[in-house]
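For reference, the chains in residue letters:
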Amino acid sequence: MEKRTQLKDEHFLQHPFLLLFALAMGFVIMDPFHTSPVGGHEFRPVKHDIAPYKQVMENWPRDNMSRLGLGNLEFVDQVFGPESLEFDIQGCGPYTGLADGRVVRWMGEDGGWEIFALVTKNWSEKLCAKGVDSTTSKQWKVESRCGRPLGLRFDKKTGDLYIADAYYGLLVVGPEGGIATPLATHVEGKPIFFANDLDIHNNGSIFFTDTSKRYNRVNHFLIMLEGEATGRLLRYDPPTRTTHVVSDGLAFPNGVQLSKDQTFLLFTETTNCRLMKYWLEGPKKGLVELVANLPGFPDNVRLNEKGEFWVAIDCCRTPAQEVLTHNPWGFEVYTSDCLFGCGTWLDKQGKVMKLVSEVTEAKGKLWIGTVAHNHIATLPYPLK
């Protein structure tokens with residue numbers, strides 16, 4: 001036993017990279033100076049429930065044309081982290097939620113961007129408006145006060161805009177805009193910690209995601225790092241003003257989209273790189289099924305007029321991530337130097353499409369939002 005241990009030690013010392021990695025990880029975990037990303041949190045890592053990298057990537061054809069790179073950047077440094085993009089019932093817009101807490105709408109070349117709604121009365125330009133720095137860590141200290149509107153949806157019957165805000169839960173604002181009214185901030189007596197995206201059923205119910213019970217949006221990286229699965233799919237019923245848990249135990253539930261016939265909805269699990277289906281009607285009602293293991297980390301899902309789904313991929317998977325996701329104490333490599341795209345469409349150089357958050361098909365274009373950058377991208381569609 002002693003000899004075996006000695007041999008292991010010698011092997012370890014002959015590989016300085018392993019030694020340095022072990023020391024670095026030990027430093028991060030112990031965090032004596034409270035500088036680690038896990039500092040101040042009770043870190044409880046678990047193994048990710050993610051399909052093997054090779055198996056998944058073999059099933060997705062490569063986009064050798066790099067079609068997303070054919071798009072254009074719009075409104076550069078005029079919008080900050082525009083995750084979700086919506087058009088109202090008159091076709092005006094787009095409307096989008098920004099990293100500084102505002103919901104804004106485009107009024108054309110003459111009118112430019114104007115504030116349409118705020119999620120809280122706490123918002124002030126002095127406190128919240130940091131311009132291009134809104135998508136950087138400079139915003140984090142005030143984000144919970146200013147709000148962070150993520151998913152947006154118009155009710156096609158009333159013209160009301162429903163908002164999923166990461167800190168203020170589910171809200172609604174009328175067609176004229178203003179301060180949004182909170183609808184759901186708690187469920188089963190506990191706070192909704194990270195409202196993310198939503199969709200509206202024909203019966204008026206709103207389905208939306210609560211990404212984690214443990215970490216808020218600023219600390220979203222830790223959800224993926226830890227691999228925790230405390231997220232939920234929720235439903236708000238307007239007639240009774242009550243909120244219900246539809247499905248729980250989810251790993252970073254994110255985008256939500258009802259099918260065209262509304263017999264099911266799709267939602268993404270970002271940590272596990274997969275698209276899931278929840279049955280609303282039929283013999284499978286109440287069941288959750290896997291639709292697809294995806295080639296990257298998904299964000300929002302949106303429907304086009306044909307009933308097809310656009311799935312936004314923030315960042316594609318890499319072999320390095322495969323190793324780290326199976327080592328709970330390893331770090332997720334979740335950076336912007338990988339491929340960017342929607343489904344199997346890519347921008348290999350990342351020159352136009354970076355960290356794709358949502359794809360909306362409207363007005364002969366794909367309108368592409370990004371939660372982390374200061375622009376909107378567009379791409380003529382269908383491609384000629």
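Above this text is the structure in question.
Residues numbered from 1 in each chain as written. Predicted model: local features only at pLDDT ≥ 70, side-chain atom pairs only at ≥ 80, totals over all residues. Heavy atoms only, no water.

Student: I tried to follow the sheet that holds strand β6 (residues 149–154) on my own but got confused; where do I start?
Tutor: Within a sheet, adjacent strands bond to each other through the backbone by hydrogen bonds, running parallel or antiparallel. Within the open sheet, the 4 strands sit side by side as β6-β7-β8-β10. Their pairing is antiparallel. A strand with exactly one partner marks an edge of an open sheet, and here the two such strands are β6 and β10 (181–184). Each neighbouring strand pair of the sheet contributes to a mean axis angle of 30 degrees, computed without reference to strand direction. Sheet analysis places strand β7 (residues 161–165) next to strand β8 (residues 169–173), joined by 5 bridges and oriented antiparallel. Looking across to β8, one finds that Ile 163 is bridged to Leu 171. (Pairing = 2+ DSSP bridges. Helix = DSSP H or I, 4+ residues; strand = E, 2+ residues; numbered from the N terminus. Axes fitted to C-alpha atoms, helices over the stretch in contact; angles between N-to-C directions.)

Student: I'm lost on the packing of aromatic side chains in this one. Help?
Tutor: The relation between two aromatic rings is expressed through the spacing of the ring centres and the mutual angle of the planes. One pass over the full model with this rule turns up 10 aromatic pairs. Measuring from centroid to centroid gives 5.3 Å for Phe 87 and Trp 367, while their planes differ by 70 degrees, and the two rings are edge-to-face. Here Trp 367 lies in strand β26 (residues 365–370) and Phe 87 lies in the loop between β2 (85–86) and β3 (95–97), a separation of 280 residues in the sequence. Just as Phe 87 is buried, Trp 367 falls in that class too. Each ring, one from Phe 264 and one from Phe 309, has its centre 6.3 Å from the other, and the planes form 45 degrees; the classification is tilted. With Phe 264 in strand β18 (residues 264–269) and Phe 309 in strand β22 (residues 309–316), this pair connects stretches of sequence that are 45 residues apart. Using a relative accessible area of 13% as the deciding quantity, one classes Phe 264 as buried. Relative accessible area serves as the criterion here: at 29%, Phe 309 is assigned to the partly exposed category. In this structure an aromatic cluster arises from ring pairing among Phe 75, Trp 106 and Trp 113. (Phe/Tyr/Trp six-rings, centres within 6.5 Å; stacked < 30°, edge-to-face > 60°. Buried < 20%, exposed > 50% of the residue type's maximum accessible area, 1.4 Å probe, protein only.)

Student: I would appreciate a short explanation of the state of the cysteines in the present structure.
Tutor: Every disulfide links exactly two cysteines, by a covalent bond between their sulfur atoms. Counting across every chain of the model gives 1 disulfide. Linked covalently through their sulfurs, Cys 128 and Cys 146 form a disulfide whose S-S length is 2.0 Å. Across the S-S bond linking Cys 128 and Cys 146, the dihedral sits near -90 degrees, which makes this disulfide left-handed. A residue pair is termed long-range when its members are at least 10 positions apart, and Cys 128 in helix α5 (residues 125–128) and Cys 146 in helix α6 (residues 140–146) qualify at 18 residues. On the accessibility criterion, Cys 128 (0% relative accessible area) is buried. Since its relative accessible area comes to 0%, Cys 146 is described here as buried. (Disulfide = S-S within 2.5 Å.)

Student: What is the right way to read the sheet that holds β26 from this model?
Tutor: On the basis of which strands lie adjacent, the open sheet formed by 4 strands has the order β1-β27-β26-β25 and antiparallel pairing. Each of the sheet's edge strands pairs with one partner strand only, and the pair in question is β1 (72–74) and β25 (356–362). Taking each pair of neighbouring strands and ignoring which way they run, the sheet shows an average axis angle of 30 degrees. One ladder, built from 3 bridges, connects β1 with strand β27 (residues 376–380); its direction is antiparallel. Across the sheet, the residue bridging to Asn 72 is Thr 378, located in β27.

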